[in-house]
Amino acid sequence: MASVAETVKPSSWSVLKLALRNRKTGYMALFGFASGLPFALFLGTLYAWLSEAEVDLETMGVFSLIGLAYAFQFLWSPLVDRLDIPGLRRLGKRKQWIAPMQLLLGIILVTLSLLDPKSQLGWFSLLAGIGAFASATQDIVINAWRIDIADDEATIDILSTVTQMGFRLAALVGGALGLIIAERIGWPQTYVVMGVIMLGIGIAGLFAPDADVDKAAATTMNEEKTAELYEVGEIEPRVRNWALLAVGLLWGWAIVTVLIFMVRSLTALPEDRPDPTLFTATYGPLIIAATIIVPAFIAAWLFKLNRDGKHVIKEGRTALKSDGLILDQLYRALLLPLVEFVGRMGWSLVLVFALVLTYRITDAIWGTFAYPFYLGELGYTLDEVAVASKFFGVGAILLGLALGGWMITAFGRMFTLTLGAFLAAATNLLYADLALGGANMQAVSDFTGFTWAVMQFPGGSERLARLMITIGGENLAIGIAGAAYIAWLSSIVAKGYSAVQYALLASLTLLVGTLGRGALGQMIEERGYYDVFIFTMLIGMVAVVLCILEWMREHRAGRKSGVVAPDPAPRVARSQ
């Protein structure tokens, strides 16, 4: 007979406390912070420094193209996933990339402090571009590390929530706190401080746990995985190589196209620079098709051939040098993660892609137009916006992330994901009310006593309280949604292919938000902010419906509210 301790299920709060005491969780918070700090410094705070240095707006617009490194990080994720750094492999499969990238970022931030952005803009932009690339590379590996180390105690859900909390805290340190420090000691000194922080994290990261630290075991596993490609029932090498060539050409075209665009934008004279909006609208969909959609169809075709027994090996044999072992490694790095994902998900992949495209699109698109709305449309001052969005707003996001993490353990991932989608969509109505004057938000602020509390501080006013409670409501919802979304993404990728699969899905989210900003800006010009908030709310409700469908799919598949990411099937044929 089972004991009482064996039959009583631990409470969600007990599970949460146990996970937070886990060493992996502590390093996850540190790595989340390390991921968010460069993002805030390169794509936010740096523009305040450039403005103070009197760099013109057009040049700053071109400078912002370094952000493409984050949007297109999936293009080099297979390389990061499979390539070992000589002399550093003993640190572990993921740590060999994480620690060097963090140390490189620290060195770059300190070096930037030695340059004058006005007279040395070329070197300044080059270093910032390398920094953005290193930061995006770090993000690829940190996401894979989170998935690899997840277990029954430090679950995917908890680790994902802690990652987001660290990221948002870094946004506060690199954003609002960075501005405050710069006002007092200057920009060069501020970037020295941030660089030292990154160097410290890089040193601490050397002692983080890793899911795989045995190089010999990794080498043996790679040989076994390559040998599996020549077992009976696997795709013929000739067919694999043609598929690899097609995907390689598509990805190569995308990489070259993006690099040419960035080089032309950063080196050409102003009148010869390409139009970023036109490039995004014209080439953005083509890049998505070339890097994700078409390769997914190729992967589905390979899986179908394997399942139907067509163009497969009839008699197993050992791989020979004449077979092209380098091509086999490239196939495992580029195509096998897609084949595994498509084979495991099947037609459900359409639903997954649709949810990825719509879940974060409302806040991803809207973020670009937040400051014009606050400052231009509503007439708030910079100080008021800083207090409401940077300090109070970030605090609300952190609270939402904590609440979202607790809700995942208490009610399940899919419930929290669906509720987060609904709340994120509904909070657009709060901004719609502000666009009409904010009478309802003022009434809520007055009724709850929030207005009184804000007015007890210097500079507090009714209008500031109205803005703060609106931003707070939205950011609380974003925190809940963000915790659930990252946990869901992490749960549907396979551990063995986590770097490539997660980078693809995360980049797809960023790309769609980028593509929609031009159209939304035009809609604001033509229809005004109120109609835009109603429109983005409706887009968010589409995500709610898709969340419900995904919830039903997972329920039918009999999946638990998982604690770890799924392991990949050893062979494609076993994924049926």
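Source: prediction; values computed, not measured. (Residues numbered from 1 in each chain as written. Predicted model: local features only at pLDDT ≥ 70, side-chain atom pairs only at ≥ 80, totals over all residues. Heavy atoms only, no water.)

Engineer: Would you mind showing me how to read the confidence of the model for the protein chain here?
Structural biologist: In regions of low pLDDT, the predicted coordinates are not meant to be interpreted in detail. Averaged over all residues, the pLDDT of the protein chain equals 79, while 81% of them reach at least 70. Below pLDDT 50 for its whole length, residues 213-221 participates in eight contacts with residues either more than four positions away or in separate chains. A low-confidence stretch, residues 570-576 stays under pLDDT 50, and its non-local contacts, those more than four residues away or across chains, total 20 contacts. (pLDDT = per-residue confidence, 0-100. Contact = heavy atoms within 4.5 Å.)

Engineer: I keep staring at the pattern of salt bridges and nothing clicks. Help me out?
Structural biologist: Pairing between side chains of opposite charge can happen when their charged atoms approach one another. Under the definition given, this model contains eight salt bridges. Taking the shortest distance from any N to any O, the salt bridge between D308 and R307 comes out at 3.5 Å. The residue E340 makes a salt bridge to R344 at a minimum N-O spacing of 2.7 Å. Of this pair, E340 and R344 both sit in helix α14 (residues 325-345), four residues apart, roughly one helical turn. Classification of E340 by relative accessible area gives buried; the value is 5%. Residues joined by salt bridges that share partners form a network here, namely K304, R307 and D308. (Salt bridge = Lys/Arg side-chain N within 4 Å of Asp/Glu carboxyl O. Helix = DSSP H or I, 4+ residues; strand = E, 2+ residues; numbered from the N terminus. Buried < 20%, exposed > 50% of the residue type's maximum accessible area, 1.4 Å probe, protein only.)

Engineer: It is not clear to me how the packing of helix α7 (residues 95-112) against helix α10 (residues 187-205) should be interpreted in this structure. Could you clarify?
Structural biologist: For any two helices packed against each other, the geometry comes down to the angle between their axes and how far apart the axes lie. Direction vectors running N to C along α7 and α10 enclose 165°, while the axes themselves pass 7 Å from each other. Considering the angle they form, α7 stands roughly antiparallel to α10. Seen from above, α7 lies across α10 with left-handed handedness. Here K95, A99, Q102, L103, L105, G106, I107, L109 and V110 of α7 come into contact with α10, specifically with Y191, V192, M194, G195, V196, M198, L199, I201, G202, I203 and G205. Here the residues of the contact of α7 with α10 sort into 14 nonpolar, five polar and one charged. (Axes fitted to C-alpha atoms, helices over the stretch in contact; angles between N-to-C directions. Parallel < 35°, antiparallel > 145°, perpendicular 65-115°, else oblique. Left-handed = near helix turned anticlockwise from the far one by under 90°. Nonpolar A, V, L, I, M, F, W, Y, C, P; charged D, E, K, R; others polar.)

Engineer: Help me out: how do you make sense of unusual backbone geometry in this one?
Structural biologist: Glycine aside, negative phi is the norm for most residues, and most peptide bonds take the trans geometry. The backbone phi angle of H311 is positive, close to 50°, even though this residue is not glycine. Turning to its location among the elements, H311 is positioned in the loop between α13 (276-308) and α14. According to the relative accessible area criterion, H311 is partly exposed, its value standing at 41%.

Engineer: What's the story with the nonpolar core in this structure? I'm lost.
Structural biologist: Generally speaking, a soluble globular protein has its nonpolar side chains buried in company with each other. Ranked by internal contacts, the top residues of the largest apolar core, which has 126 residues, are F42, Y359, L417 and W488. Here Y359 is in contact with L417, G420, A421, A481, Y485, A543 and C547, once residues within four sequence places are set aside. (Core = buried A, V, L, I, M, F, W, Y, C linked by side-chain atoms within 4.5 Å.)

Engineer: Sorry, what's going on with the packing of aromatic side chains here?
Structural biologist: Each aromatic ring pair is characterised by the separation of its centres together with the angle its planes make. Summed over all chains, the structure comprises 22 aromatic pairs. Geometrically, the ring pair formed by W187 and Y191 is tilted, given 6.5 Å between the ring centres and 55° between the ring planes. In this pair, W187 and Y191 both sit in helix α10, four residues apart, roughly one turn of the helix. No difference in accessibility class separates W187 from Y191, as the two residues are buried. (Phe/Tyr/Trp six-rings, centres within 6.5 Å; stacked < 30°, edge-to-face > 60°.)

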